[in-house]
Amino acid sequence: MATDAVLRGYLLEESLAWLLRFSGYRLLVHEDQDPEELVDQEGALRVRGRGALHQVDVLGEFAFTPAFSMPVRMFLEAKFYQKPCGLEIVRNAHGVVHDVNENFMTHAGTRPRQRYQYSYALFSAGGFTADAQRYALAHQISLVDLSGASFTWLLGAIGSTAWSLFQAQEKYLPKPPGFPVTWMRRQLREALETSPVHFLSSADIAEGKFKNAARAALEQLVAALRQRSETELLLGFPSAPFILPLAADDHRRFLRYAEARPDHAVRIKRRGSGTVAEWTLAPVEEPGAYELAFKLPKHIEQWISDIDGKERRRTMEIKEQFLSAITIYRMNGEGLRTYQLRYEASSLSRF
């Protein structure tokens with residue numbers, strides 16, 4: 001039977017797929033999209049590794065290929081625990097992505113085969129332990145902390161929905177075969193339009209009280225997301241070994257400004273202190289045009305705050321070393337857009 005925490009994780013993954021729907025990637029959900037790399041097995045999508053098949057719940061393929069690289073695909077995994085994710089979760093992510101990236105062999109006389117660079121982004125509602133952060137940094141696993149105030153509304157809606165689903169499971173479902181995860185994902189992807197309809201699984205469950213209760217709970221989550229249609233999660237790629245989840249106060253205002261000035265200078269501010277600090281950025285020339293909020297990995301925040309009297313200086317060092325250039329990729333009806341947000345301390349004195 002699916003636990004409340006597991007259900008929260010599933011719902012968070014599907015919600016993130018919706019929030020990131022314009023971030024420059026398409027969802028891969030069926031083996032027909034790439035028969036050589038993907039396998040549908042027991043109602044779940046799996047990716048071929050060198051040594052095993054690996055189940056993946058959310059897999060994205062980016063529309064752009066970085067210089068000196070191969071086409072990029074990203075595993076997206078989400079954990080919604082009450083405590084920080086530990087080392088074992090990150091170690092498993094590294095094992096999967098390492099095995100998948102080694103799945104390439106050539107044989108004489110065979111036709112050329114496409115190869116991809118797989119990456120792994122692990123989202124957590126409760127942050128990560130220090131050991132997990134160090135391990136992820138060493139093995140280039142992107143950790144995304146969603147514990148900031150900008151995501152309170154999302155985590156609250158997911159928590160309420162997961163509890164309703166858990167109660168419906170306890171009341172109406174026999175233990176075998178358990179919670180119909182594939183059915184639930186299909187319902188959400190169909191309602192949120194995050195996957196091509198012809199690739200959605202036709203798996204269904206019998207009519208009954210569970211289906212009615214589950215559908216009602218899922219409809220509440222979809223409604224909460226739709227009410228935040230102005231909210232969009234942008235992926236920011238800084239000059240650093242991590243990615244930034246950028247929450248826009250109003251993504252349309254950001255897009256209007258960024259379309260007119262795809263390369264512009266920004267102010268960056270740090271609010272709060274210690275591991276609960278949150279950062280914001282806004283354009284230098286028009287500070288009220290938009291605001292993006294994000295959190296940095298906790299080990300960086302701990303370094304900033306661990307010596308009294310040095311917090312201001314260390315905050316500046318992080319801005320200059322890791323946040324001097326943040327690139328955002330976004331898809332729209334006309335193709336891929338690239339925006340460059342630049343932090344230059346010297347330019348701020350002019351305004």
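Because the structure is a prediction, the values reported are computed rather than measured. (Residues numbered from 1 in each chain as written. Predicted model: local features only at pLDDT ≥ 70, side-chain atom pairs only at ≥ 80, totals over all residues. Heavy atoms only, no water.)

**Q** Would you mind going over the overall build of the protein chain with me for this structure?
**A** The helix and strand inventory of the protein chain stands at nine helices and 15 strands. For 351 residues, the compact-globule formula gives about 20 Å, and the C-alpha radius of gyration of the protein chain, at 21 Å, lands near that figure. Overall, the protein chain is about 65 × 55 × 40 Å in size when its C-alpha atoms are taken along their principal axes. Here the protein chain, with 351 residues, has 52% of them falling under the buried criterion. (Helix = DSSP H or I, 4+ residues; strand = E, 2+ residues; numbered from the N terminus. Rg over C-alpha atoms; globule rule 2.2 N^0.38 Å. Buried < 20%, exposed > 50% of the residue type's maximum accessible area, 1.4 Å probe, protein only.)

**Q** What is the right way to look at the packing of helix α1 (residues 4–19) against helix α6 (residues 209–227) in this model?
**A** The description of two packed helices rests on the angle between their axes and on the distance between the axes. Their axes nearest at 12 Å, the elements α1 and α6 cross at an angle of 35°. α6 is crossed by α1, and the crossing has right-handed handedness. Judged by residue contacts, L11, S15 and W18 of α1 engage L218, L221, L225 and R226 from α6. (Axes fitted to C-alpha atoms, helices over the stretch in contact; angles between N-to-C directions. Left-handed = near helix turned anticlockwise from the far one by under 90°. Contact = heavy atoms within 4.5 Å.)

**Q** What's the story with the domain arrangement of the protein chain in this structure? I'm lost.
**A** Interface size is commonly expressed as the accessible area that is lost once the parts come together. Partitioning the protein chain into structural domains gives domain 1 (1–105 + 113–229) and domain 2 (234–343). A C-alpha centroid distance of 25 Å is found between domain 1 and domain 2. On the side of domain 2, 18 residues touch domain 1, which itself brings 22 residues to the contact. For the pair domain 1 and domain 2, the summed buried area comes to about 1,900 Å², and 66% of that belongs to carbon and sulfur atoms. When the buried surface of domain 1 facing domain 2 is broken down by residue, F22, F64 and Q133 rank first, second and third, together holding 26% of it. Taken together, domain 1 and domain 2 are joined by zero salt bridges. For the pair domain 1 and domain 2, the interface holds four residue pairs in polar contact (both at pLDDT 80 or more). Among the elements of the structure, α3 (130–139) and β8 (142–145) are those that each provide at least two residues to the side of domain 1 that touches domain 2. Sorting elements by how many residues they give to the side of domain 1 that touches domain 2 places β8 first, with three residues. (Domains from an automatic or database assignment. Buried area = accessible area lost by both parts, 1.4 Å probe. Salt bridge = Lys/Arg side-chain N within 4 Å of Asp/Glu carboxyl O. Polar contact = N/O pair within 3.5 Å; in protein donor to acceptor, adjacent residues only side chain to side chain.)

**Q** Is there a simple way to think about the nonpolar core in this case?
**A** The biggest cluster of nonpolar side chains holds 54 residues, and the ones touching the most others in it are L11, L12, L16, F123, L165, F179 and M184. Each of two domains, domain 1 (1–105 + 113–229) and domain 2 (234–343), supplies a minimum of three residues to this core. Counting residues in each nonpolar core, the second largest holds 28 residues, with A248, L292, F322 and Y339 among its members. (Core = buried A, V, L, I, M, F, W, Y, C linked by side-chain atoms within 4.5 Å.)

**Q** Even after reading the chapter, I still don't get the packing of aromatic side chains, so can you show me in this structure?
**A** Where two aromatic rings form a pair, the distance of their centres and the angle of their planes describe that pair. Taken as a whole, this structure holds 14 aromatic pairs when the rule is applied. By the ring-pair criterion, three or more aromatic residues cluster together here, those being Y25, F62, F237 and Y329. The side chain of R73 reaches across the aromatic face of Y116, ending 3.6 Å from its centre. Positioned over the ring face of Y257 is R261, at 4.3 Å from the centre of the ring. (Phe/Tyr/Trp six-rings, centres within 6.5 Å; stacked < 30°, edge-to-face > 60°. Lys NZ or Arg CZ within 6 Å of the ring centre and 35° of its normal.)

**Q** What is the right way to read the pairing of strand β7 (residues 117–124) from this model?
**A** When you tally the buried positions in β7, you get six out of eight residues, the bulk of the element. Two elements, strand β6 (residues 72–79) and β7, share eight bridges in a ladder whose sense is parallel. The residue of β7 that forms the bridge with V72 is Q117. Here β7 pairs with β8 via four bridges, running parallel. Looking at the pairing, S124 lines up with D145 of β8. Handedness of the crossover joining β7 and β8 through α3: right-handed. (Pairing = 2+ DSSP bridges. Right-handed = clockwise from strand over helix to strand, strands pointing away.)

**Q** Explain the environment of F80 here, please?
**A** Relative to the helices and strands, F80 is located in the loop between β6 and α2 (87–101). F80 sits 75 residues away from A5 along the chain, and the two C-alpha atoms are 6.1 Å apart. Among all residues touching F80, those that are not within four sequence positions of it are A5, R8, G9, L12, A125, L155, I158 and G159.

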